[in-house]
Amino acid sequence: MIEELKEEEIVNKVGGRFKLSTLIQKRMIALNQGARPLIDGRGLDKMSMVIQEIMQDKIYLDMTDKLQINETSEEYVEGETVDLTQPSD
(Lines give C-alpha, C1' and ligand atoms only; values in the text may rest on other atoms or scores of the structure.)
Protein backbone atom coordinates (compact mmCIF):
# COMPACT_ATOMS: atom_id res chain seq x y z
CA MET A 1 0.00 0.00 0.00
CA ILE A 2 1.19 3.50 -0.73
CA GLU A 3 2.42 5.10 2.51
CA GLU A 4 0.54 8.40 1.98
CA LEU A 5 -2.78 6.52 1.99
CA LYS A 6 -2.07 5.30 5.52
CA GLU A 7 -1.85 8.88 6.79
CA GLU A 8 -4.78 11.12 7.71
CA GLU A 9 -3.12 14.13 6.04
CA ILE A 10 -4.23 13.12 2.55
CA VAL A 11 -7.75 12.31 3.79
CA ASN A 12 -8.04 15.70 5.47
CA LYS A 13 -6.55 17.47 2.44
CA VAL A 14 -9.40 16.37 0.16
CA GLY A 15 -12.21 16.39 2.71
CA GLY A 16 -12.73 12.75 3.62
CA ARG A 17 -12.19 9.19 2.50
CA PHE A 18 -15.09 9.18 0.04
CA LYS A 19 -13.80 12.30 -1.72
CA LEU A 20 -10.28 10.87 -1.74
CA SER A 21 -11.53 7.68 -3.36
CA THR A 22 -13.53 9.66 -5.93
CA LEU A 23 -10.59 11.93 -6.73
CA ILE A 24 -8.21 9.01 -7.18
CA GLN A 25 -10.68 7.14 -9.36
CA LYS A 26 -11.39 10.11 -11.63
CA ARG A 27 -7.73 11.00 -12.03
CA MET A 28 -6.74 7.39 -12.76
CA ILE A 29 -9.39 7.25 -15.49
CA ALA A 30 -8.10 10.51 -16.96
CA LEU A 31 -4.50 9.25 -16.98
CA ASN A 32 -5.55 5.96 -18.54
CA GLN A 33 -7.37 7.91 -21.27
CA GLY A 34 -4.25 9.89 -22.11
CA ALA A 35 -4.28 12.94 -19.81
CA ARG A 36 -0.82 14.33 -19.11
CA PRO A 37 0.75 13.89 -15.66
CA LEU A 38 1.09 17.10 -13.64
CA ILE A 39 4.29 15.98 -11.93
CA ASP A 40 7.55 14.44 -13.06
CA GLY A 41 6.42 10.85 -12.78
CA ARG A 42 9.49 9.06 -14.07
CA GLY A 43 9.78 5.80 -12.21
CA LEU A 44 6.32 6.07 -10.62
CA ASP A 45 3.27 3.99 -11.38
CA LYS A 46 0.03 5.86 -12.14
CA MET A 47 -1.38 5.42 -8.63
CA SER A 48 1.75 6.94 -7.10
CA MET A 49 1.54 9.83 -9.58
CA VAL A 50 -2.05 10.53 -8.56
CA ILE A 51 -1.15 10.47 -4.86
CA GLN A 52 1.73 12.88 -5.47
CA GLU A 53 -0.52 15.19 -7.50
CA ILE A 54 -2.92 15.29 -4.56
CA MET A 55 -0.18 15.81 -1.97
CA GLN A 56 1.31 18.64 -4.04
CA ASP A 57 -2.12 20.31 -4.40
CA LYS A 58 -2.09 19.87 -8.19
CA ILE A 59 -5.61 18.38 -8.40
CA TYR A 60 -8.84 18.63 -6.45
CA LEU A 61 -12.57 17.99 -6.71
CA ASP A 62 -14.72 21.05 -7.25
CA MET A 63 -18.12 21.58 -5.64
CA THR A 64 -19.76 19.37 -8.28
CA ASP A 65 -17.18 16.59 -7.78
CA LYS A 66 -15.45 17.30 -11.08
CA LEU A 67 -11.72 16.76 -11.19
CA GLN A 68 -9.91 20.10 -11.53
CA ILE A 69 -6.33 21.31 -11.92
CA ASN A 70 -4.85 23.71 -9.40
CA GLU A 71 -1.79 24.68 -11.42
CA THR A 72 -1.19 27.35 -14.01
CA SER A 73 1.00 26.64 -16.98
CA GLU A 74 1.53 27.92 -20.47
CA GLU A 75 -1.34 25.70 -21.63
CA TYR A 76 -3.93 27.15 -19.27
CA VAL A 77 -5.19 30.62 -18.51
CA GLU A 78 -4.35 31.73 -14.97
CA GLY A 79 -7.25 31.16 -12.59
CA GLU A 80 -9.06 28.92 -15.05
CA THR A 81 -10.09 25.46 -13.95
CA VAL A 82 -9.75 22.55 -16.34
CA ASP A 83 -11.80 19.38 -16.44
CA LEU A 84 -9.11 16.72 -16.13
CA THR A 85 -11.53 13.90 -16.83
CA GLN A 86 -11.09 14.76 -20.52
CA PRO A 87 -7.98 13.68 -22.42
CA SER A 88 -5.55 16.41 -23.33
CA ASP A 89 -5.43 17.52 -26.96
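Thresholds applied
Residues numbered from 1 in each chain as written. Predicted model: local features only at pLDDT ≥ 70, side-chain atom pairs only at ≥ 80, totals over all residues. Heavy atoms only, no water. Axes fitted to C-alpha atoms, helices over the stretch in contact; angles between N-to-C directions. Helix = DSSP H or I, 4+ residues; strand = E, 2+ residues; numbered from the N terminus. Parallel < 35°, antiparallel > 145°, perpendicular 65-115°, else oblique. Left-handed = near helix turned anticlockwise from the far one by under 90°. Contact = heavy atoms within 4.5 Å. Nonpolar A, V, L, I, M, F, W, Y, C, P; charged D, E, K, R; others polar. Buried < 20%, exposed > 50% of the residue type's maximum accessible area, 1.4 Å probe, protein only.

**So, the packing of helix H3 (residues 17-32) against helix H4 (residues 46-55)**
At step 1: Taken N-terminus to C-terminus, the directions of H3 and H4 make an angle of 125°; their axes are 10 Å apart at the nearest point. Looking at the two axes, H3 sits oblique to H4. Note on packing geometry: the crossing formed by H3 with H4 is right-handed. Together, Leu20, Leu23, Ile24, Arg27, Met28, Leu31 and Asn32 of H3 and Lys46, Met47, Val50, Ile51, Glu53 and Ile54 of H4 make up the contact between the two elements.
At step 2: For the contact of H3 with H4, the class distribution of residues is nine nonpolar, one polar and three charged.

**Describing the environment of Ile24**
At step 1: By the element assignment, Ile24 lies in helix H3.
At step 2: Separated by 29 residues in sequence, Ile24 and Glu53 have C-alpha atoms that sit 9.9 Å apart.

**Focus: H4**
At step 1: Within the sequence span of H4, burial applies to Ser48, Met49, Val50, Ile51, Glu53 and Ile54.
At step 2: Looking one or two residues past H4, Asp57 carries a phi angle of roughly 55°, positive in sign.

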